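Listed below are the residues making up each chain.
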Amino acid sequence: MEVWQREFITALLLFVAVAIVGGMTGLFMPLALAVTLGILVRQLFQINRFEKWIRAGGRAKYPKTTGIWEEIYYHVYRIKKNEKKRKKKLGKMVDQFRQSTEALPDAAVVLGANDEIEWANKAARDVFGLQQSDKGQRIPNLIRFPEFIRYLKSGNYNEAVILPSPVNHRITLAVRIVTYGAGLRLLLAQDVTELKKMERMRKDFVANVSHELRTPLTVLKGYLETLQDMDDGESPLLTTSFQQMQGQTERMQHLVDDLLLLTRLETRQKKTECVNIPALLIQICKEAETMNGKASDRIDLTLETNVHITGEEQELRSAFTNLLGNALKYSPEDSVVKIRWYRIADDIVLEVEDHGEGIPTADIPRVTERFYRSEVKRVKKVGGTGLGLAIVKHVLMRHDAKLNIVSELGKGSCFSCHFPAKRVCN
Ligand code: ADP
């Protein structure tokens, strides 16, 4: 039987007894009133005792009682006990999490909705020079680099921002913000000093080697031209050797030029001017036609907009020339290459489409890597350095633009450069 049923039956039996005794003595009403009052007083007493116990936190063992009140005490006591256990477990977890994040080699700072510091680990205190007392301070007041403040305000945290450490300028940090929860952000900073040093060494090495190769190459080319002029054509072996040598020196020249251009793109400060893209495209197409007589009927240029773009004309010229050159190079000599300059939604797009050999799907993400050349079976060997699309990618990155490649093996490729509307300047 349930406890409440027992309580109910006890009260019922009490009233039956009152009815019998009241019936015999004729004092039913006073007796019934006395019993009701008794029950009421008892319940009030119990409520008062319960309220006192719960007010004290309900932590102490509950007072001895019987019936439904014992049940109530027992259940509340059990809930409290479980809650205490859960709190202890949670506290332990938080402690463990704190200890592990404190031990992290990377800096981590939890930021609130107003850029205020909510928590920072030891690495963060070390590399940013933060103090325990900086909790609650706004981070832009403590890390004052303009590029960091711009990054923080931008809300676009897809990429990291590279900064020197405010306490030691020889330390380079890659700072990244990760958003989570409601308005909370985690700022992570990694020491990339060694990585940046290696990168700089690689860039310097490539730049120096390419530069140093230029002089001997020019000398070789000069002598080769003189020897070719002197060749009377009597020895076919000599003539073909000269031609092969010329082809190879030209290839090397392209390689050195492309490497130097890539180095310049990586190291040179951005210059900006308003570039007349339609005029530039007309010029590039004309040049391609002059360089390759067969190309004259192959290029179909459509200028759907007259938009000009803020950027570096020479860089854009290199990128577009590379795309057009590839389209002509990797497609049959009787096929058409379409170039379109148009505006769509928030983007201004340059599209170069060919009906050539296409690129295997697995190679598409890799063709913009340096020296990567797709291994497609070709009737005729196609020359190249494998640096053209790496140059395109770099140039576009410097112009906040994106390269999109759609290609199907045996059908053709479409390379599109998407410039953001903020770059429009006319
Ligand atoms: P490359 O000097 O070899 O042309 P790129 O960096 O310009 O170097 O291109 C890398 C590779 O991407 C090429 O070797 C080629 O396999 C592939 N590729 C580039 N453009 C096209 C295109 N329009 N059609 C088919 N394949 C292409």
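Reading guide: rules and limits
- Residues numbered from 1 in each chain as written.
- Predicted model: local features only at pLDDT ≥ 70, side-chain atom pairs only at ≥ 80, totals over all residues.
- Heavy atoms only, no water.
- Salt bridge = Lys/Arg side-chain N within 4 Å of Asp/Glu carboxyl O.
- Near = heavy atom within 4 Å.
- Polar contact = N/O pair within 3.5 Å; in protein donor to acceptor, adjacent residues only side chain to side chain.
- Areas by Shrake-Rupley, 256 points an atom, 1.4 Å probe, with all protein chains shown as cover.
- Helix = DSSP H or I, 4+ residues; strand = E, 2+ residues; numbered from the N terminus.
- Nonpolar A, V, L, I, M, F, W, Y, C, P; charged D, E, K, R; others polar.
- Buried < 20%, exposed > 50% of the residue type's maximum accessible area, 1.4 Å probe, protein only.
- Contact = heavy atoms within 4.5 Å.
- Patch = residues over 30% accessible without salt bridge, like charges linked within 9 Å, V, L, I, M, F, W, Y side chains within 5 Å.
- Lys, Arg positive; Asp, Glu negative; His and termini not counted.
- Charge placed at Lys NZ, Arg CZ, Asp CG, Glu CD.
- Axes fitted to C-alpha atoms, helices over the stretch in contact; angles between N-to-C directions.
- Parallel < 35°, antiparallel > 145°, perpendicular 65-115°, else oblique.
- Left-handed = near helix turned anticlockwise from the far one by under 90°.
- Pairing = 2+ DSSP bridges.
- pLDDT = per-residue confidence, 0-100.
- Disulfide = S-S within 2.5 Å.
- Expected span 1.5 Å × (residues − 1).

Chemist: Before we go on, may I ask you to explain the pattern of salt bridges in this structure?
Modeler: It is possible for side chains bearing opposite charge to pair when their charged atoms get close. A full pass over the atoms with the stated rule returns 19 salt bridges. Here the residues in one salt-bridge network are Asp 115, Arg 138 and Arg 185, joined through shared partners.

Chemist: What exactly am I supposed to notice about the site of the ligand here?
Modeler: Around the ligand sit 21 residues, and of these Asn 326, Tyr 330, Arg 373, Thr 385 and Leu 389 come closest. Between an oxygen atom of the ligand and a main-chain N or O atom of Thr 385, the distance comes to 2.8 Å. Protein burial of the ligand: of its 530 Å² of free accessible surface, 98% is covered by the chains. Sorting the residues of the shell around the ligand by element identifies α9 (313–329), α10 (388–398) and β12 (412–420) as the ones contributing at least two each. Ranked by the residues each element gives to the shell around the ligand, the list is headed by α9, at 3 residues. Here the residues of the shell around the ligand sort into 8 nonpolar, 8 polar and 5 charged.

Chemist: Any chance you could explain the side chain of Ser 413 here in plain terms?
Modeler: The residue Ser 413 is located in strand β12 in this model. Judged by relative accessible area, which is 6%, Ser 413 ranks as buried. Leave out the neighbours within four places in its chain, and Ser 413 touches Val 352, Glu 353, Asp 354, Gly 358, Ile 359, Val 406 and Ser 407.

Chemist: Looking at this structure, how should I read a positive patch on the surface?
Modeler: Taken together, Arg 59, Lys 61, Lys 64, Lys 80, Lys 81, Lys 84, Lys 85, Lys 87, Lys 88 and Lys 92 make up a surface patch of like positive charges. Its location among the elements puts Lys 61 in the loop between α2 (28–55) and α3 (67–102). By relative accessible area, Lys 61 is classed as exposed at 57%.

Chemist: What exactly am I supposed to notice about the packing of helix α1 (residues 3–25) against α2 here?
Modeler: For any two helices packed against each other, the geometry is given by the interaxial angle and the distance between the axes. Contact geometry for α1 and α2: axes closest at 8 Å, N-to-C directions at 155°. What the angle tells us is that α1 and α2 run roughly antiparallel. Between α1 and α2 the crossing geometry is right-handed. Across the interface between the two elements, Glu 7, Leu 14, Phe 15, Val 18, Ala 19, Val 21, Gly 22 and Thr 25 from α1 touch Phe 28, Leu 31, Ala 32, Val 35, Thr 36, Ile 39, Arg 42 and Gln 43 from α2. A class-by-class count of the residues in the contact of α1 with α2 yields 10 nonpolar, 4 polar and 2 charged.

Chemist: Hey, could you run me through the environment of Trp 69 in this one?
Modeler: The residue Trp 69 is located in helix α3 in this model. The residues contacting Trp 69, other than those within four sequence positions of it, are Gln 43, Gln 46, Ile 47 and Phe 50. A polar contact is formed between the side chain of Trp 69 and the side chain of Gln 43, at a distance of 2.8 Å.

Chemist: Mind showing me how you'd approach the pairing of strand β3 (residues 161–164) here?
Modeler: Two faces belong to every sheet, and in a regular strand the side chains alternate between them. Of the two faces of β3, the one holding Val 161 and Leu 163 is buried and the one holding Ile 162 and Pro 164 is not buried anywhere. Relative to strand β4 (residues 172–180), β3 runs antiparallel, the two sharing 4 bridges. Residue pairing across strands places Pro 164 opposite Thr 172, the latter belonging to β4.

Chemist: Can you walk me through the sheet that holds strand β5 (residues 184–191) in this structure?
Modeler: Remark on secondary structure: sheet strands pair via backbone hydrogen bonds, oriented parallel or antiparallel. Judged by pairing direction, the sheet is antiparallel, and its 5 strands sit side by side in the order β2-β1-β5-β4-β3 without closing on themselves. The open sheet has two edge strands, β2 (117–120) and β3, and neither has a second partner. For this sheet the average axis-to-axis angle between neighbouring strands, irrespective of direction, equals 30°. Summarising the sheet, β4 and β5 pair through 8 bridges and their orientation is antiparallel. From the neighbouring strand, Thr 179 faces β5, where its bridge partner is Arg 185.

Chemist: I tried to follow the confidence of the model for the protein chain on my own but got confused; where do I start?
Modeler: Regions with low pLDDT should not have their predicted coordinates read in detail. Averaged over the protein chain, the pLDDT score is 91; the fraction of residues at 70 or greater is 99%. Summarising per-element confidence for the protein chain, the mean pLDDT is lowest in α1 (90) and highest in β12 (97).

Chemist: Which parts of the structure should I look at to understand the state of the cysteines?
Modeler: By definition, a disulfide links two cysteine residues through a covalent bond between their sulfur atoms. One pass over the structure, following the stated rule, counts 1 disulfide. Residue pairing for Cys 274: its cysteine sulfur links by disulfide to Cys 425, the two sulfurs lying 1.9 Å apart. Disulfide Cys 274 to Cys 425: torsion about the S-S bond roughly 90°, handedness right-handed. With Cys 274 in strand β6 (residues 273–275) and Cys 425 in the segment after β12, this residue pair connects regions lying 151 residues apart in the sequence. On the basis of relative accessibility, which here comes to 42%, the residue Cys 274 falls in the partly exposed class. Free cysteine: Cys 285, not disulfide-bonded; nearest cysteine sulfur from Cys 417 at 13 Å. The exposure class of Cys 285 is buried, given its relative accessible area of 6%. A disulfide-free cysteine, Cys 414 has its sulfur positioned 9.7 Å from the sulfur of Cys 417, the nearest such atom. What makes Cys 414 buried here is its relative accessible area of 16%.

Chemist: I tried to follow helix α7 (residues 236–267) on my own but got confused; where do I start?
Modeler: Within an α-helix, residues lying three or four positions from one another point in the same direction, as the helix has 3.6 residues per turn. With 32 residues, α7 should reach 46 Å at 1.5 Å per residue; the first-to-last C-alpha distance of 46 Å fits that figure. Structurally, α7 contributes buried residues whose contacts are with α6 (193–230), α9 and α10.

Chemist: When you look at unusual backbone geometry in this model, what are you seeing that I'm missing?
Modeler: Where the residue is not glycine, phi is negative for most of them; where a peptide bond is considered, it is trans in most cases. Positive phi, close to 45°, is recorded for Ala 345, a residue that is not glycine. The residue Ala 345 is located in the loop between β9 (337–344) and β10 (347–354) in this model. A positive phi is found at Asp 400, a non-glycine position, where the angle reads about 55°. Topologically, Asp 400 is positioned in the loop between α10 and β11 (402–408). Accessibility expressed as a relative area gives 37% for Asp 400, which makes it partly exposed.

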